[in-house]
Amino acid sequence: MSVIYMRNSANGNQHRGFSMSSDDDMIDITTTGTVTERSIHYDDPGTSHFAADGDEIPGIGQYEDFHTIDWQRDIARDRMRHRYIVKRRQNSLFDLVKGAHDAWSGWVCVLLVGLTTGVVAGVIDIGASWMSDLKYGICPSRFWFNREQCCWSSNETTSFETGNCSDWLTWSEVLGQSRTGAGAYIISYLMYIAWALLFASLAASLVRMFAPYACGSGIPEIKTILSGFIIRGYLGKWTLIIKSVGIMLSVSAGLSLGKEGPMVHIACCIGNILSYLFPKYGRNEAKKREILSAAAAAGVSVAFGAPIGGVLFSLEEVSYYFPLKTLWRSFFCALVAAFVLHSINPFGNEHSVLFFVEYNNPWIFFELVPFVGLGIIGGVIAAIFIRANLYWCKYRKTSKLGQYPVTEVLIVTAVTAVLAYPNPYTRMSTSELIYLLFRKCGVTNTDDLCDYNRNFTDVKSAVDLASAGPKVYRAMWLLVLALIFKLLATVFTFGIKVPCGLFIPSLCLGAIVGRIVGIGMEQLAFNYPHIWVFSGECSTMKDCITPGLYAMVGAAAVLGGVTRMTVSLVVVMFELTGGVRYIVPLMAAAMASKWVGDALGSHGVYDAHINLNGYPFLDSKEEFAHTSLAADVMQPKRNETLSVLTQDSMTVEDVETLMKETEHNGFPVVVSRESQYLVGFVLRRDLNLALAQARRAVEGLRPSSLVLFTSNSPQQPPQPGTPAPLLLKNILDMAPITITDQTPMETVVDMFRKLGLRQTLVTHNGRLLGVITKKDVLRYVKQLDNEDPNSVLFN
């Protein structure tokens with residue numbers, strides 16, 4: 001007897017053994033990626049050949065770029081691998097250690113992801129703060145200090161808000177002019193524009209030359225990748241480096257964007273790179289997505305200093321497959337990342353949050369009315385922004401503008417800088433503006449927003465209600481102009497070819513609206529303290545209305561309307577500010593904003609950009625309400641020919657011809673063309689690799705060699721001189737997901753969403769009728785929604 005077979009030793013080293021069999025003359029190409037009972041071939045009684053664990057043919061089980069993964073197959077592969085390791089733990093101490101390493105490798109991986117993400121976030125925060133202040137001046141004695149650190153070093157902390165400490169020099173002073181005056185203003189204006197253009201051009205050039213995937217927010221693509229889509233290079237090392245440097249540059253350029261969304265992308269890049277240190281995750285796309293979900297949580301954790309909100313964001317917004325163990329690991333990863341960031345302390349305070357609020361006043365029950373009103377306003381602003389931004393992005397894709405990405409970045413930057421500088425609220429960084437709007441007016445606040453007619457003789461006493469001075473009304477008008485400018489600037493900025501996030505601009509828009517409404521409510525309570533609404537809390541002229549709280553609620557409303565987050569948004573907001581007492585107002589505004597946003601537009605900004613780019617994403621939150629059957633969607637349609645492989649009657653030449661004439665990603669295997677009874681399913685990539693390996697390894701392989709997807713010998717014994725058959729049973733999926741032609745499409749869509757299917761086979765009485773792929777489902781849904789079905793671009 002003899003069998004030509006290929007095997008892989010348990011330690012992963014490839015060995016090829018060939019022997020010819022006189023009784024069944026078969027060429028057996030073993031290509032399983034895991035150890036299964038089917039990997040054992042019994043040729044004679046008492047004789048066995050083992051195909052041990054590993055990929056005998058490199059690439060088997062992997063996926064092409066822009067293809068969808070098979071969740072069920074990958075999870076089954078991991079379970080088989082795990083059973084194999086557990087079974088061998090009793091054999092030796094080495095196998096016991098190997099099993100323990102496999103058990104804790106997930107925790108070690110997320111620990112490394114958390115540590116690395118925290119360090120990278122600290123570097124980005126410090127670098128962005130320093131470069132942002134370069135637009136205004138420099139600290140000559142310690143040039144690596146930003147303006148805040150420079151003023152702290154001179155012990156002139158009271159002068160920080162105006163930047164008038166002696167150690168910090170504006171560019172007009174560096175060039176020999178005075179700090180104030182028309183000449184100083186012009187020099188500062190020109191230097192502001194010059195630095196902005198320099199930073200923006202560097203960011204756009206780096207993205208274009210080294211990592212085109214580093215542009216944008218990254219969250220739409222992360223959602224698509226976590227749903228099982230492959231985008232090679234999107235989470236690679238070059239994307240990580242360029243995105244990290246580019247986000248510092250684009251934020252420093254003063255563009256209307258934030259670094260929080262890109263931090264999720266950066267954290268997922270770190271998770272993807274580190275997962276390759278652990279083959280359990282690096283070689284299994286479904287398992288890798290568990291690490292990426294934890295990394296997304298760490299990204300939000302370090303972006304806002306909100307670890308719990310990060311876990312909930314990953315669960316609610318970006319993750320597709322989120323088992324309980326992923327929840328624990330995400331929590332641990334976010335905790336480690338937040339701890340590392342707290343140790344670095346890039347914000348220079350003990351809170352490690354962006355916008356810590358120092359007030360804790362109770363809110364009046366009646367204030368729920370303006371809070372809900374802010375939610376409605378936030379939903380309207382968000383709907384306007386999403387529609388305008390989508391319109392502009394579609395125009396960019398279909399016009400010549402898309403061919404000049406660097407030029408567009410420079411134009412947007414120049415217009416932004418020229419219009420932003422005259423208004424002090426748009427000149428400062430967006431994070432500083434949000435913090436200013438969230439803050440409560442006190443003794444040390446010198447901004448126009450705090451120009452109240454108050455008597456601060458006793459600093460420790462409660463702040464009295466007071467009438468607003470003229471500077472307050474001037475500041476409100478400037479804030480209205482800032483709101484219009486920020487809204488328009490964000491519409492044109494989100495989507496340009498630099499790293500750009502949307503969290504901070506959305507928070508800023510809402511905070512401006514909220515502060516204006518809050519000042520209005522405050523003056524209403526001052527002028528009419530005895531009406532029934534204010535009669536209890538405000539009749540004593542105590543500080544019963546907090547405008548900063550309204551800014552916080554407004555910020556949550558707009559961000560909720562833009563992203564359609566609810567639970568995670570509220571948690572992020574109270575972690576972001578430390579205002580745990582204001583959960584109910586935040587919940588009311590977030591819910592109202594989501595309802596209004598859903599009424600005015602069906603998608604949040606991330607889902608809208610997923611649809612715009614044609615990514616194959618099936619949203620698990622949407623319901624399929626159409627009454628149709630699987631037979632209406634399957635390919636090919638009735639009375640059309642289905643491309644199939646037969647289990648024992650096709651030659652190598654027939655298989656190669658079929659692959660040349662079709663572009664399908666896989667082929668059903670049937671008993672025969674006459675019966676069409678289903679045997680299994682084989683992927684095109686696996687079939688290509690197996691044939692290529694057979695050509696290299698097997699001398700007797702000819703175009704006329706039979707290809708067998710069964711372990712049984714052909715019914716007719718081979719004639720003398722005929723080539724030996726090629727056995728490819730081990731690349732055959734013998735348990736593909738199947739449905740009948742009468743299965744409701746609602747059930748089919750649920751199967752694709754919840755099982756993560758790549759395709760399903762349609763049968764009738766056991767006979768194969770057709771195939772439904774994820775792309776077919778997406779096209780059918782778009783067709784029913786009166787959208788262009790050809791906008792689904794990828795497989």
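Along each chain, residue indices are assigned from 1 in the same order as the chain's sequence is written. This being a predicted model, a pLDDT of at least 70 is required before a residue's local features are given, and a value of 80 or more before pairs of side-chain atoms are given or counted; all residues contribute to the totals for chains, interfaces and linings. Each side-chain value is derived from all of the structure's non-hydrogen atoms; neither hydrogens nor water enter the calculation.

## Quick look at the overall build of the protein chain
A tally of regular secondary structure across the protein chain gives 27 helices and 16 strands. Relative accessibility decides the category of a residue: with a 1.4 Å probe and only protein chains considered, values under 20% of the type maximum give buried, values over 50% give exposed, and everything between is partly exposed. In the protein chain, buried positions account for 56% of the 795 residues. Throughout, a residue-residue contact means that at least one pair of heavy atoms, one from each residue, lies within 4.5 Å. Across the protein chain, every contact between residues at least 6 apart in sequence was considered, and the portion connecting residues at least 24 apart equals 71%. Only the protein chains shown count as cover for residues, with accessible areas throughout obtained via the Shrake-Rupley method and a probe of 1.4 Å. Carbon and sulfur atoms form 60% of the exposed surface of the protein chain, whose accessible area is close to 34100 Å². Only runs of H or I of at least four residues qualify as helices and only runs of E of at least two qualify as strands under DSSP, and these elements are numbered from the N terminus.

## Some thoughts on the environment of asparagine 389
Locating asparagine 389 in the fold gives a position in helix 13 (residues 368-398). With a relative accessible area of 0%, asparagine 389 lands in the buried category. Measuring from C-alpha to C-alpha, the distance between asparagine 389 and leucine 488 comes to 9.3 Å, with 99 residues separating the pair along the chain. If near-sequence neighbours (up to four positions away) are discounted, asparagine 389 is found in contact with Thr490, Val491, Phe494 and His609. Polar contacts here mean pairs of N or O atoms no more than 3.5 Å apart (in protein, one a potential hydrogen donor and the other a potential acceptor; neighbouring residues in sequence count only if both atoms are side-chain atoms). There is a polar contact of 2.8 Å between the side chain of asparagine 389 and the side chain of histidine 609.

## Describing the side chain of serine 301
Mapped onto the fold, serine 301 is located in helix 10 (residues 285-304). The exposure class assigned to serine 301 is buried, which follows from its relative accessible area of 0%. Setting aside its immediate chain neighbours within four residues, serine 301 contacts Ala306, Pro307, Gly310, Ala334 and Ala338.

## Quick look at the packing of aromatic side chains
For Phe, Tyr and Trp, where Trp contributes only its six-membered ring, two rings pair if their centres lie within 6.5 Å, and the inter-plane angle classes them as stacked under 30 degrees, edge-to-face over 60, or tilted in between. This model, assessed by the stated rule, comprises 20 aromatic pairs. Between the aromatic rings of tyrosine 185 and tyrosine 421, the centroid separation amounts to 5.4 Å while the plane-to-plane angle is 65°, which identifies the pairing as edge-to-face. With tyrosine 185 in helix 5 (residues 182-210) and tyrosine 421 in the loop between helix 14 (405-420) and helix 15 (424-427), this pair connects stretches of sequence that are 236 residues apart. Relative to tyrosine 234, the ring of tyrosine 213 lies with its centre 5.1 Å away and its plane at 55°, an arrangement referred to as tilted.

## Topic: the pattern of salt bridges
Salt-bridge detection follows one rule: a side-chain nitrogen of Lys or Arg within 4 Å of a carboxyl oxygen of Asp or Glu. Overall, the coordinates contain 22 salt bridges when judged by the stated rule. Residue glutamate 64 pairs with arginine 685 through a salt bridge whose shortest N-O separation is 3.2 Å. Separated by 621 residues along the polypeptide, glutamate 64 in the loop between strand 5 (47-50) and helix 1 (71-88) and arginine 685 in helix 25 (residues 684-697) bring together distant segments of the chain. By relative accessible area, which is 37% here, glutamate 64 ends up partly exposed. Ionic pairing is found between arginine 289 and glutamate 285, a salt bridge with its closest N-O pair at 2.9 Å. On the criterion of helical spacing, the pair formed by arginine 289 and glutamate 285 is a turn pair, its members being four residues apart in helix 10. On the accessibility criterion, arginine 289 (4% relative accessible area) is buried. By relative accessible area, which is 6% here, glutamate 285 ends up buried. The structure contains a network of salt bridges with shared partners spanning Asp78, Arg81, Asp102, Lys287, Glu290 and Arg329.

## With respect to empty space enclosed by the protein
In this analysis, the protein atoms alone were mapped onto a 1 Å grid. Cavities are point sets where a 1.4 Å probe fits without being able to get out; pockets are open sets with protein on both sides within 12 Å along at least five of seven lines; lining residues have an atom within 4 Å of a point. Grid points are joined across faces, edges and corners, and a volume is the space filled by probe spheres set on the points. Inspection of the entire model under this criterion finds six cavities of 30 Å³ or more. Looking at the second largest cavity, its volume works out to about 50 Å³. Along the walls of the second largest cavity sit Tyr84, Ile85, Arg88, Asp95 and Lys98, which together make up its complete lining. Among the secondary structure elements, those contributing two or more residues to the lining of the second largest cavity are helix 1 and helix 2 (93-134). No other element matches helix 1, which puts three residues into the lining of the second largest cavity. Amino acids are sorted into nonpolar (Ala, Val, Leu, Ile, Met, Phe, Trp, Tyr, Cys and Pro), charged (Asp, Glu, Lys and Arg) and polar (every other residue, Gly among them). Class assignment for the residues of the lining of the second largest cavity results in two nonpolar, no polar and three charged.

## Quick word on the packing of helix 1 against helix 2
Fitted lines through C-alpha atoms serve as axes, helices being fitted only where they are in contact, and the angles separating the N-to-C directions of these axes extend from 0 to 180 degrees. Interaxial distance between helix 1 and helix 2 falls to 8 Å at its minimum, and their mutual angle equals 145°. Like other packed secondary-structure pairs, helix 1 and helix 2 cross with a definite hand, here left-handed. Of the residues in helix 2, those in contact with Arg81, His82, Ile85 and Arg88 of helix 1 are Asp95, Gly99 and Asp102. Here the residues of the contact of helix 1 with helix 2 sort into one nonpolar, two polar and four charged. Helix crossings are classified by the rotation of the near helix relative to the far one: an anticlockwise turn of less than a right angle makes the crossing left-handed, while a clockwise turn makes it right-handed.

## Description of unusual backbone geometry
With omega at -5°, the peptide bond leading from glutamine 635 into proline 636 counts as cis. With respect to the secondary-structure elements, proline 636 resides in the loop between helix 23 (630-633) and strand 8 (645-646). For arginine 564, which is not glycine, the phi dihedral falls at a positive 65°. Here arginine 564 shows up in the loop between helix 19 (547-563) and helix 20 (567-577). Positive phi values are uncommon outside glycine, yet glutamine 676 reaches one of about 60°. Turning to its location among the elements, glutamine 676 is positioned in the loop between strand 10 (666-670) and strand 11 (678-683). On the accessibility criterion, glutamine 676 (14% relative accessible area) is buried.

## Comments concerning the confidence of the model for the protein chain
With 85% of its residues at a pLDDT of at least 70, the protein chain reaches an overall mean of 82. Confidence drops under pLDDT 50 across residues 1-26; counting only partners more than four residues distant or on other chains, this segment forms 74 contacts. Values of pLDDT, which run from 0 to 100, indicate the predictor's confidence residue by residue. Across residues 157-161, confidence stays below pLDDT 50; counting only partners more than four residues off in sequence or on other chains, it has eleven contacts.

## Side note on the state of the cysteines
Only a pair of cysteine sulfur atoms within 2.5 Å counts as a disulfide in this structure description. Under the criterion given, the structure shown has two disulfides. Disulfide pairing is shown between cysteine 139 and cysteine 150; the S-S distance is 2.1 Å. Disulfide cysteine 139-cysteine 150: the torsion about the S-S bond is 75°, which places it as right-handed. Of this pair, cysteine 139 sits in the loop between strand 6 (137-138) and helix 3 (147-153) while cysteine 150 is found in helix 3, placing the two residues eleven residues apart along the sequence. For cysteine 150, a relative accessible area of 0% translates into the label buried. Here cysteine 441 pairs with cysteine 450 through a disulfide, and the sulfurs are 2.0 Å apart. An S-S torsion of about -80° defines the bridge between cysteine 441 and cysteine 450 as left-handed. In terms of burial, cysteine 441 and cysteine 450 fall into one category: buried. Considering cysteine sulfurs only, cysteine 269 is the nearest to cysteine 268, which forms no disulfide, with 7.4 Å between them.

## Focus on the sheet that holds strand 11
Within the open sheet, the three strands sit side by side as 8-10-11. Their pairing is mixed. Because the sheet does not close on itself, it has two edges, and the strands there are strand 8 and strand 11. Here strand 8 pairs with strand 10 via two bridges, running parallel. Paired with threonine 646 across the two strands is valine 670, which belongs to strand 10. Contacts from helix 25 reach strand 8, strand 10 and strand 11, with the element oriented near 75° to strand 11. At least two DSSP bridges between two strands are required for those strands to pair.

## Some words on the pairing of strand 15 (residues 759-764)
The two faces of the sheet receive side chains in turn, since in a regular strand these alternate between them. Across the six residues of strand 15, five count as buried, placing the element largely inside the fold. Two strands pair when backbone bridges link them, and strand 14 (residues 738-740) and strand 15 are joined in this way by three bridges, in the parallel orientation. Bridged to isoleucine 739 within strand 15 is valine 762. This β-α-β element, strand 14 to helix 26 (residues 745-755) to strand 15, shows right-handed connectivity. Between strand 15 and strand 16 (residues 767-773), which pair antiparallel one after the other, the connecting turn spans two residues, and asparagine 765 there sits at a positive phi close to 55°. Here a crossover is taken to be right-handed if, once the strands point away from the viewer, the path from the first strand over the helix to the second is traced clockwise.

## Considering the pairing of strand 10
Taken across its five residues, strand 10 has five buried, putting it largely inside the fold. Burial along strand 10 is two-sided: the residues Gly666, Pro668 and Val670 and Phe667 and Val669 are all buried. With five bridges connecting them, strand 10 and strand 11 associate as antiparallel partners. Note that in strand 11 the partner of valine 669 across the bridge is glycine 680.

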